[in-house]
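Topology and contacts: notes
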Amino acid sequence: MKYLANKQIAGVFMVILLLLFAAINGYSQNRKHTLLQKQPAVISGADDRKYWAETLYKIAYPVVHSIAMGTLKKDMPLEKGPGYGLNLEKVTYTEAVGRTMDGIAPWLALPDDTTEEGQLRKTLRTDLLKGLPSLVNPLDSQYLNFRSESQPIVDAAFIAQAFLRAPAQLWQPLDNATKQGFITEFKSLRNRKVPYSNWLLFSGITEAFLLSIGEQADPLRIDIAFKKMNEWYVGDGMYMDGPKFAMDYYNAYVIHPMMVDMVKVMVEKNMAKQDDYDIALKRMVRYAELQERMISPEGTYPVIGRSLTYRTAAFQPLSLVALLQKLPAGVSPAQTRCALTKVMHNIFDMPGTFDANGWLQLGLAGHQLDMADTYTSTGSLYMATLGFMALGLPANNEFWTAPAADWTAKKAWGGQGVKKDYRVDY
């Protein structure tokens with residue numbers, strides 16, 4: 001009897017073990033299935049483009065729609081950095097308009113289509129063209145300040161560059177009164193002294209735009225900007241910002257893109273030689289090559305220098321070189337797209353980057369008020385749009401159709417081979 005009892009107990013114990021094993025095995029299989037389900041899907045170039053387009057639209061829409069509705073000065077928050085020292089309401093709205101226009105111009109330059117993205121572009125372009133007349137009409141409540149303060153010299157330049165980047169979409173459709181309004185406001189800037197720095201290019205690009213449309217321009221302002229920037233070139237794709245070098249992102253924010261666009265007009269108007277444009281472009285391409293190498297495997301970049309709240313504007317040259325289809329050897333369109341997309345996710349997906357109404361807030365990745373400079377306000381932040389230059393490439397371009405690829409730092413720190421890097425002499 002005792003033997004039978006022990007045998008029964010052993011049998012029950014075996015059943016329990018078998019059930020436990022089955023449960024564990026089932027859990028393991030289910031977990032394996034769940035983990036497989038959670039593996040990220042392969043992100044295509046079309047997915048990346050969708051993210052770029054929706055993000056740029058998200059950034060630009062509050063500014064552009066408020067312009068169209070005549071409510072920019074009512075709608076836009078007036079956040080400013082610690083120790084802010086400018087006349088806020090005299091400058092921040094012009095900042096928002098100019099910087100947004102400049103960043104979205106290459107995208108808006110694409111032809112209309114019936115895609116969802118095409119509808120986003122059409123909405124922005126339609127709203128922008130609707131609102132622009134009020135901005136240069138002195139009798140309108142939305143009239144922007146160009147006539148006082150120094151800061152409008154900067155943001156008139158971004159508006160002028162936007163017109164250069166998308167003339168058929170943003171300049172030519174304007175009525176004559178609005179065109180004359182911008183011409184008058186741009187010429188009014190000549191009564192203010194320009195600091196001896198990258199600001200020379202602001203005057204230079206505005207005058208270059210006037211020259212491009214056959215208006216009377218000041219050739220001296222263009223020529224001084226051209227000559228001083230060439231004098232301030234220190235080599236290997238880097239310009240000084242004035243008489244002294246600064247390790248920041250102003251080569252990206254302003255210097256390379258405006259130098260290249262200004263010299264392009266100078267060549268067209270016989271104020272410079274083709275070689276001058278070619279060398280300016282080659283220098284920007286070299287700088288873009290260095291920029292691609294600065295993006296870490298995680299999609300971050302060095303937190304150095306001033307104006308970090310301009311966010312993705314730090315990569316304007318890399319994105320612009322991709323748009324011009326002039327990427328350097330060893331830097332593929334796919335790796336450039338993937339690197340920039342990862343940077344964008346790190347910035348624009350961070351809680352706090354946008355406020356509850358969709359306006360950008362001061363910071364780099366999120367809302368970081370202390371990172372703002374004494375000249376930074378809400379309007380300043382729309383420089384971020386300048387990092388989206390490559391969105392001006394059509395959807396069927398290799399930049400968007402090539403399979404995902406690792407960028408230089410991700411390759412190097414992942415044990416892959418990378419192209420060696422050497423200085424250049426141009």
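All values reported here derive from a predicted model rather than from experimental measurement. (Residues numbered from 1 in each chain as written. Predicted model: local features only at pLDDT ≥ 70, side-chain atom pairs only at ≥ 80, totals over all residues. Heavy atoms only, no water.)

1. Describing the overall build of the protein chain
A count of helices and strands for the protein chain gives 16 helices and two strands. Dimensions of the protein chain, computed from the C-alpha atoms along their principal axes, are close to 115 × 50 × 45 Å. Taking all 426 residues of the protein chain together, the buried fraction comes to 54%. Taking all contacts inside the protein chain whose residues are at least 6 apart in sequence as the whole, residues at least 24 apart take part in 75%. With an accessible surface of roughly 19300 Å², the protein chain has 57% of that area assigned to carbon and sulfur atoms. Across the protein chain, the centroid of the 45 positively charged side chains sits 5 Å from that of the 42 negatively charged ones. (Helix = DSSP H or I, 4+ residues; strand = E, 2+ residues; numbered from the N terminus. Buried < 20%, exposed > 50% of the residue type's maximum accessible area, 1.4 Å probe, protein only. Contact = heavy atoms within 4.5 Å. Areas by Shrake-Rupley, 256 points an atom, 1.4 Å probe, with all protein chains shown as cover. Lys, Arg positive; Asp, Glu negative; His and termini not counted. Charge placed at Lys NZ, Arg CZ, Asp CG, Glu CD.)

2. Overview of the pattern of salt bridges
Per the stated rule, a full pass over the model turns up 27 salt bridges. A salt bridge links Arg125 to Asp112; its shortest N-O distance comes to 2.8 Å. You can see Arg125 sitting in helix H5 (residues 116-135) and its partner Asp112 sitting in the loop between helix H4 (88-108) and H5, a full 13 residues away along the chain. On the basis of relative accessible area, Arg125 is assigned to the buried category, the value being 15%. By relative accessible area, which is 44% here, Asp112 ends up partly exposed. Residue Lys410 pairs with Asp406 through a salt bridge whose shortest N-O separation is 3.8 Å. Residue classification places Lys410 among the partly exposed residues on the basis of a relative accessible area of 34%. Since its relative accessible area comes to 26%, Asp406 is described here as partly exposed. Ionic contacts of the salt-bridge type, sharing partners, join the residues Asp236, Arg286, Glu289, Arg293, Lys419 and Asp421 into one network. (Salt bridge = Lys/Arg side-chain N within 4 Å of Asp/Glu carboxyl O.)

3. So, the confidence of the model for the protein chain
Within the protein chain, residue pLDDT values average 92, and 90% of them lie at 70 or more. For the stretch residues 1-7, pLDDT sits under 50, and the model shows zero contacts to residues farther than four places along the chain or on other chains. (pLDDT = per-residue confidence, 0-100.)

4. Describing helix H14 (residues 333-348)
In this model, H14 (16 residues) spans 22 Å end to end at C-alpha, consistent with the 22 Å of a helix rising 1.5 Å per residue. The buried fraction of H14 is high, at 13 of 16 residues. (Expected span 1.5 Å × (residues − 1).)

5. Remarks on the packing of aromatic side chains
Within this structure, the stated rule accounts for 24 aromatic pairs. Aromatic pair Phe163 and Phe182: ring centres 5.3 Å apart, planes at 80°, arrangement edge-to-face. Here the residue Phe163 occupies a position in helix H6 (residues 151-165), and Phe182 occupies one in helix H8 (residues 176-188), the gap between them amounting to 19 residues. Judged on exposure class, the residue Phe163 and its partner Phe182 are both buried. Centre to centre, the rings of Tyr233 and Tyr239 are 5.1 Å apart; their planes meet at 65°, and the pair counts as edge-to-face. Accessibility expressed as a relative area gives 14% for Tyr233, which makes it buried. By relative accessible area, Tyr239 is classed as buried at 1%. By way of ring pairs, the aromatic residues Trp52, Phe348, Phe354, Phe388, Phe399 and Trp400 are connected into one cluster. The aromatic ring of Phe354 is capped on one face by Lys58, whose charged end is 4.2 Å from the ring centroid. (Phe/Tyr/Trp six-rings, centres within 6.5 Å; stacked < 30°, edge-to-face > 60°. Lys NZ or Arg CZ within 6 Å of the ring centre and 35° of its normal.)

6. Concerning unusual backbone geometry
Residue Glu149 is not a glycine yet carries a positive backbone phi of 70°. Residues other than glycine seldom take positive phi values, yet Gln325 does so here, at roughly 55°. When you line up the elements, Gln325 lands in the loop between helix H13 (316-323) and H14. The exposed category is assigned to Gln325, whose relative accessible area is 58%.

7. Some thoughts on the nonpolar core
Nonpolar side chains tend toward joint burial in soluble globular proteins. Core analysis: the largest hydrophobic core is formed by 129 residues, its most contacted members being Trp52, Phe163, Phe186, Met262 and Phe348. No other element matches the 13 residues that helix H11 (residues 250-268) contributes to this core. Beyond its immediate chain neighbours, meaning those up to four positions away, Phe163 contacts Met101, Leu170, Trp171, Leu174, Phe182, Phe186 and Phe209. (Core = buried A, V, L, I, M, F, W, Y, C linked by side-chain atoms within 4.5 Å.)

8. Focus on the packing of helix H2 (residues 45-69) against H4
Each pair of packed helices can be described by the angle between their axes along with the distance between the axes. Relative orientation of the contacting elements H2 and H4 amounts to 140°, with a least axis distance of 10 Å. Taken as a pair, H2 and H4 cross one another with a handedness that is left-handed. Contacts from Arg49, Ala53, Leu56, Tyr57, Ala60, Val63, Val64 and Ile67 in H2 reach Ala96, Val97, Thr100, Gly103, Ile104 and Trp107 in H4. Broken down by class, the residue content of the contact of H2 with H4 amounts to eleven nonpolar, two polar and one charged. (Axes fitted to C-alpha atoms, helices over the stretch in contact; angles between N-to-C directions. Left-handed = near helix turned anticlockwise from the far one by under 90°. Nonpolar A, V, L, I, M, F, W, Y, C, P; charged D, E, K, R; others polar.)

9. Points about the environment of Pro138
By the element assignment, Pro138 lies in the loop between H5 and H6. Sequence separation of Pro138 and Ile205 is 67 residues, and the distance between their C-alpha atoms is 24 Å.

10. Some words on the environment of Tyr277
In this structure, Tyr277 sits in helix H12 (residues 274-294). Its relative accessible area of 14% is what places Tyr277 among the buried residues. Spatially, the C-alpha atoms of Tyr277 and Val260 are 6.6 Å apart, while their sequence positions differ by 17 residues. The residues touching Tyr277, leaving out its near neighbours within four places in the chain, are Val260, Val263, Lys264 and Val267.

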